[in-house]
Amino acid sequence: MTYAILQRLAQMLFVMFGISLLVFLIFFGTPGVDPAARIAGRNASPEVLEAVRHSFGFDQPFYVQYLTMMKKIFVTGDLTSFVNRGWKVVPAVLDTIPVTLSLVFGAAVLWVVFSLIIGVVAAAFRDRWPDKLLMILGLIGISMPVYWLGEVMNLITQSRFHDIWLFAWVPPLGYKEFGKDPEGWFLTLVIPWITLSILYIGLYGRVLRASITEALQEDYIRTARAKGLSETRILLRHALRTSLIAFVTLFGLDFGALVGGSALLTEVVFGLQGVGKLTFDALQNLDLPVIMTTVLYASFFVVLANAVVDVVYILLDPRVRTS
Amino acid sequence: MILQVTDLRVSFRTEHGMVRVLDGVSFDVAEGEVLGIVGESGSGKTMTVLAVMGLITDPNAVIEGSIKFRGRELVGLRPREMRDLRGREIAMIFQDPMTALTPVYTIGWQIAEQILTHEKVSKKAAWDRAIALLAEVGIPRPEEAVHRYPHQLSGGMRQRAVIAMALTCNPALLVADEPTTALDVTVQAQILDLLRKLQATHGSAIVFITHDLGVMAELADRIMVMYAGRIVERAAREPLFADPQHPYTVALLNSIPPLEGARPHRLQTIAGAPPSLSNLPQGCAFGPRCPKRFAACAARPRLTLPPHETACFLTGAP
Ligand SMILES: Nc1ncnc2c1ncn2[C@@H]1O[C@H](COP(=O)(O)OP(=O)(O)OP(=O)(O)O)[C@@H](O)[C@H]1O
Ligand SMILES: [Mg+2]
C-alpha cells in the first residue's frame, strides 16, 4: 500500500514536471510567440521591447527562466503576474479553488445520483417506453452546449421569469463564500450545478444503461435467476454492482478534469471566479505565470483523481486486488 | 412423477418468421431418477431445461404445452411463484463455472444469498451452512474457501462451489447442463464422482445434459436422444447402448470409441450438418442425413410406445 502511494506521488511529480515543461516550451519556444511583444503592446519600439524583455527576464536562457518560475511557485510562492505587475499569482489561484470545488462537487453529487437513477430505471425497462424516453432525454442533455444552456438558464431565472414565484429565490450571479453565508452559497450555486450536471447526467445515464444491459446478458445473471432471486435484487446487487466499475473510471477522469479547470464555460456564464475562468483570462493576455500555475494545479488534480479511481477500483473489483 | 413435460413447444419470433426450437417434447422424471439428454449442438437440450426452470427470458419466445412439477403447472405460472420454486425445489448447474458466478462477491456470500432468499434463518446460520456445503462437495479448508472470490478458485473448485450452491436448499430436482464440458478430463471424472455421490446422499432427481455419451453411460438411468428440437429415441441406459434403434443414435454411438473392447481403426462421423431450424425438412428431420432413408420418411414419425421408444419408421413408428 505504502509502495503504491509512493509510486503515485512519483508519477504525479513526473506528470506535473512534463506538463510544466511543455507549457513553458509552447509559450517561449514556439516561433512567432513573443511574450515581450505581447506585454509591451502594439507598435512598441524596439527599445521598449528590449526593456520589457530584460525586466521580465526573457533575455535569460530557457532553463534559467523555467527554474526561476518553478522556484517562485513552489518555494517562495511570490510569483507575480506578467500583466498586472505586483499581482501575486499563487494566492490568486488558491482563492479560486474553493469556487471551482464548490461548483464541481455539487454538480457531481447531482450527476451521480440522477444518472444512477436514470441508468437503472432505463435498464429495468429496457426497450420499453420509459427506457426510450429517458435515453432521448439523455441525448438531448448531452447535445446541449453548456454555454448556451447557461445563458438560457440566466435568461429565465435572472431576467424573464425572475419575478414569478418559481425563480424569485435565485440570487444575482456571483459566488458567496460558504464560511460567511452558507445559504447564499447554496442558492447562488443551484443553477450552475444543474447547468453543469445536465450533460453528465445524460452521458452517465446512457453509459450506465448500456453497461447494465450488457451485464444482464452474462452467465452469472442466469445463475442468479436460477437461485430464485427477485429481478430487483438481480438488477441492483448483481448487474448494477458489476457495472459500477466502468462508471467509476469515467467519473474519476471527468471529475479530475473539471476540478482542473474544464468547468470553464460554466464559470464564465455564471460569473464564478474559478480556476477555469482564471486560466481563460490568463490565456487571453498570455500571462504565463498564471497559466503555468493553473496548469500545474490542474495536472495535480487529474493525477490525484486517477489515483482515487484506482483505490476505488480495488474496493469494487476483487479481481484487481490479487493480481 | 416429479416432473411431467407434455408436448412442449418453444418458438422464437425472428426476422425469418417463427422458428420452432422445440417441437412436441414430452418426458417425465421419477423421484430420484437420473435422466440424461444427449444430442448435437443446437438440438434444443438447453432450451428444454431452461423452459422447465422458467428461465427463457427472451421476450420473443413463445412457450406452449405443459410442464408439471409435482402436479403443479409451471407454464404460465406467476413469476413470483416460479422464483419461489427456483433455487429451492429445482436447482440448476451450468456449463461454464468460469462465468457462472458473480465476480465481485465471495463464494460464501453467493451461497448465503440463496439460503437467505428462501429461508428465514440468521446470516450466521446461512454462512455456517455455506461452509458445511463446501465441505460436502469436497472443497478443502471450507472455512477459508467461503471468503474466496470466484477468480481465486480453479475451474474444478468453482464447479464444486456452483454445485454446492445448487444443493443449498436440498432441491427435489437438479438440472445439470453439461456440467463437465468446460473442465479438464481428470477434473471431469471427479465432478462426475461427486454428482453420483451427492445423488445417493440427497436423493434428488437429476436431469443431466451432455453431448458426451461416455459421461452418459456412467450416470444416467434413462437416456433421451434429441435431434433438431425433437425426441428421436428414449430408453433405459443398457438397452440404449446395447441396442440403439434410431439411425441417429446409431451414428452417435459410432462416433465415440466403444466403452469396452478394442478401439476401432477409425471412428465414423455423421455425414452432413444439423438442419437449420427455420428450414426443417418435411417429415423426419434426420432424413436428409440418414443412410437408411426410404419413401416413408417423407412423413413425420412419432415415438413408439415405451419401454424403448423411437421415432423411426424402420422400428415401426406410427
Ligand atoms: N433467442 C433465440 N432466438 C432464436 N433462436 C434461438 C434463441 N435461443 C436459442 N435459439 C436456438 O435454439 C436452438 C436450441 O438451442 P439450445 O441452446 O437448446 O441447444 P443445445 O442442444 O443446448 O446445444 P449446445 O450443445 O450447443 O448447448 C439453437 O438452434 C439456437 O440457435
Ligand atoms: Mg446447451
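Please refer to the structure placed before this passage.
Quick summary incoming for the structure in this document. (Residues numbered from 1 in each chain as written. Chains lettered and ligands numbered in written order. Predicted model: local features only at pLDDT ≥ 70, side-chain atom pairs only at ≥ 80, totals over all residues. Heavy atoms only, no water.)

Regarding helix 3 (residues 46-56) of chain A
All names here are of chain A.
- Buried residues of helix 3: Leu-49, Val-52 and Phe-56, and no others. Buried residues of helix 3, seen end-on, are gathered within an arc of 65° and therefore sit on one face of the element. What points out from helix 3, more than 90 degrees from its buried face, is the exposed set Pro-46, Glu-47 and His-54.
- The secondary structure elements touched by the buried residues of helix 3 are helix 2 (35-40).
- Two residues or fewer after helix 3 comes Gly-57, characterised by a positive phi angle close to 80°. (Buried < 20%, exposed > 50% of the residue type's maximum accessible area, 1.4 Å probe, protein only. Helix = DSSP H or I, 4+ residues; strand = E, 2+ residues; numbered from the N terminus. Arc of directions from axis to C-beta. Contact = heavy atoms within 4.5 Å.)

Re the site of ligand 1
All names here are of chain B.
- By nearness alone, 13 residues border ligand 1, and Ser-41, Gly-42, Thr-46, Met-47 and Asp-58 come closest of all.
- Between an oxygen atom of ligand 1 and a side-chain N or O atom of Ser-41, the distance comes to 2.4 Å.
- Lys-45 is positioned with one of its side-chain polar atoms (N or O) 2.9 Å from an oxygen atom of ligand 1.
- Coverage of ligand 1 by the protein amounts to 66% of the 640 Å² it exposes when considered alone.
- In terms of residue count, the dominant contributor to the shell around ligand 1 is helix 1 (residues 45-53) (three residues).
- Of the residues in the shell around ligand 1, the class split is four nonpolar, five polar and four charged. (Near = heavy atom within 4 Å. Polar contact = N/O pair within 3.5 Å; in protein donor to acceptor, adjacent residues only side chain to side chain. Areas by Shrake-Rupley, 256 points an atom, 1.4 Å probe, with all protein chains shown as cover. Nonpolar A, V, L, I, M, F, W, Y, C, P; charged D, E, K, R; others polar.)

So, the pattern of salt bridges
- For the structure on display, the rule yields 30 salt bridges over all chains.
- As a salt-bridge pair, Glu-231 of chain A and Arg-225 of chain A come within 2.8 Å of each other at their nearest N and O atoms.
- By relative accessible area, Glu-231 of chain A is classed as partly exposed at 40%.
- Here Asp-128 of chain B makes a salt bridge to Lys-124 of chain B, at a shortest N to O gap of 2.9 Å. Taken together, the positions of Asp-128 of chain B and Lys-124 of chain B, both in helix 4 (residues 123-136) and four residues apart, correspond to about one turn of that helix.
- Accessibility expressed as a relative area gives 37% for Asp-128 of chain B, which makes it partly exposed.
- Here Lys-124 of chain B falls in the exposed class, since its relative accessible area comes to 56%.
- If you follow the salt bridges from partner to partner, you end up with Asp-7, Arg-9, Arg-20, Asp-23, Glu-64, Arg-230 and Arg-300 of chain B in one network. (Salt bridge = Lys/Arg side-chain N within 4 Å of Asp/Glu carboxyl O.)

Focus on the sheet that holds strand 7 (residues 173-177) of chain B
All names here are of chain B.
- The strand order 6-7-8-3-9-10-11 describes an open sheet built from seven strands, whose pairing is mixed. Strands at the two margins of the open sheet, each flanked by one partner only, are strand 6 (90-93) and strand 11 (309-310).
- Across four bridges, strand 3 (residues 34-38) lies against strand 9 (residues 222-227) in parallel orientation. Looking across to strand 9, one finds that Gly-36 is bridged to Ile-223.
- Sitting on the sheet, helix 6 (residues 155-167) touches strand 6 and strand 7, and the angle it makes with strand 6 is about 175°. (Pairing = 2+ DSSP bridges. Axes fitted to C-alpha atoms, helices over the stretch in contact; angles between N-to-C directions.)

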